Amino acid sequence: MGETAVNSITTSSAFSSNVVPLPLANSRLQVIEPDYSWRNAAVSRLEKLVREPIGWDGYSALPVSLLNANFALRMLDAICGSGAAAPQIVPGLEGDLQIEWHTIKGDVELHVQGPNRVHGWRRWVGPVEREDELDLDIEFSAVAAWVREI
């Protein structure tokens, strides 16, 4: 696409004023995605849980809902950095799921009941053992700190 074509696109009234012109053919665009070692395993696990049949538990359990799986992955993106340990992801019986980290320093468990409905729990092991609980919706910075600490 030549420079004239780019200019005609960016000045068209059909586009918003926030349109960024495309780079010229001789320029390069580089997109760098962070390398989260936990992410591929989490995506694979969530895909498997969404595909489970009704009654996967031998009774009448529902598969993890696509909404819950998508929300859980976005939540993990917000919580886990590149050095985070991979969580265990366990299905619930009603399309919900549990995301867990268990280490010698403590435990963190997140019960994803639905999008923007998460119950968080942590237990610290040490000279003084303690537990904390939170009900969460879209703000996960406290849980991100929990995961970094364990």
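For clarity, every value in this text was computed on a predicted model and none was experimentally measured.

Rules and cut-offs
Residues numbered from 1 in each chain as written. Predicted model: local features only at pLDDT ≥ 70, side-chain atom pairs only at ≥ 80, totals over all residues. Heavy atoms only, no water. Helix = DSSP H or I, 4+ residues; strand = E, 2+ residues; numbered from the N terminus. Buried < 20%, exposed > 50% of the residue type's maximum accessible area, 1.4 Å probe, protein only. Contact = heavy atoms within 4.5 Å. Areas by Shrake-Rupley, 256 points an atom, 1.4 Å probe, with all protein chains shown as cover. Pairing = 2+ DSSP bridges. Core = buried A, V, L, I, M, F, W, Y, C linked by side-chain atoms within 4.5 Å. Salt bridge = Lys/Arg side-chain N within 4 Å of Asp/Glu carboxyl O. Expected span 1.5 Å × (residues − 1). Axes fitted to C-alpha atoms, helices over the stretch in contact; angles between N-to-C directions.

**Section: the overall build of the protein**
Here is step 1 of the chain: Within the protein one finds four helices and five strands.
Here is step 2 of the chain: Element order for the protein, N to C, with α for helix and β for strand: α-α-α-β-β-β-β-β-α.
Here is step 3 of the chain: For the protein, the residues scored as buried account for 32% of the 150 residues in total.
Here is step 4 of the chain: Contacts in the protein between residues far apart in sequence, at least 24 positions, make up 44% of those at least 6 positions apart.
Here is step 5 of the chain: Carbon and sulfur atoms form 53% of the exposed surface of the protein, whose accessible area is close to 9,900 Å².

**Topic: the pairing of strand E5 (residues 130-136)**
Here is step 1 of the chain: Pairing analysis gives seven bridges linking strand E4 (residues 117-124) to E5, with the strands arranged antiparallel. Bridging from a neighbouring strand, Gly-120 pairs with Leu-134 of E5.
Here is step 2 of the chain: Where E4 folds back on E5, the antiparallel hairpin that results is connected by five residues.

**Some words on the nonpolar core**
Here is step 1 of the chain: Counting 30 residues, the largest nonpolar core has Met-75, Ile-79, Ile-99, Trp-101 and Leu-110 as the members making the most contacts within it.
Here is step 2 of the chain: If one sorts the elements of this core by residue count, helix H3 (residues 66-79) sits on top with seven residues.
Here is step 3 of the chain: Excluding its chain neighbours within four sequence positions, the residues that come into contact with Trp-101 are Leu-76, Cys-80, Ala-85, Ala-86, Pro-87, Gly-106, Asp-107, Val-108, Leu-110, Val-147 and Ile-150.

**Considering the pattern of salt bridges**
Here is step 1 of the chain: For the structure shown, the criterion picks out eight salt bridges.
Here is step 2 of the chain: With a shortest N-O distance of 3.6 Å, Arg-122 and Glu-149 are connected by a salt bridge. Here Glu-149 lies in helix H4 (residues 141-149) and Arg-122 lies in strand E4, a separation of 27 residues in the sequence.
Here is step 3 of the chain: Judged by its relative accessible area of 11%, Arg-122 falls in the buried class.
Here is step 4 of the chain: Residue Glu-149 is classed as partly exposed on the basis of its relative accessible area, which comes to 43%.

**Overview of H3**
Note on helix geometry: an α-helix contains 3.6 residues per turn, so any two residues three or four positions apart are oriented the same way.
Here is step 1 of the chain: With 14 residues, H3 should reach 20 Å at 1.5 Å per residue; the first-to-last C-alpha distance of 20 Å fits that figure.
Here is step 2 of the chain: Those residues of H3 that sit buried are Asn-68, Ala-69, Phe-71, Ala-72, Leu-73, Met-75, Leu-76 and Ile-79.

**Quick word on the sheet that holds E4**
Here is step 1 of the chain: The sheet built from five strands is open, its strands ordered E1-E2-E3-E4-E5 with antiparallel pairing. The sheet is open, and its two borders are formed by strand E1 (88-91) and E5, each paired with just one other strand. Averaged over all pairs of adjacent strands, the angle between their axes in this sheet comes to 15 degrees, without regard to strand direction.
Here is step 2 of the chain: Examined bridge by bridge, strand E2 (residues 97-102) and strand E3 (residues 106-114) share six bridges and lie antiparallel to one another. By the bridge assignment, Ile-99 is partnered in E3 with Leu-110.
Here is step 3 of the chain: The sheet contacts of H3 involve E1, E2, E3 and E4, and relative to E3 the element is tilted by about 140 degrees.

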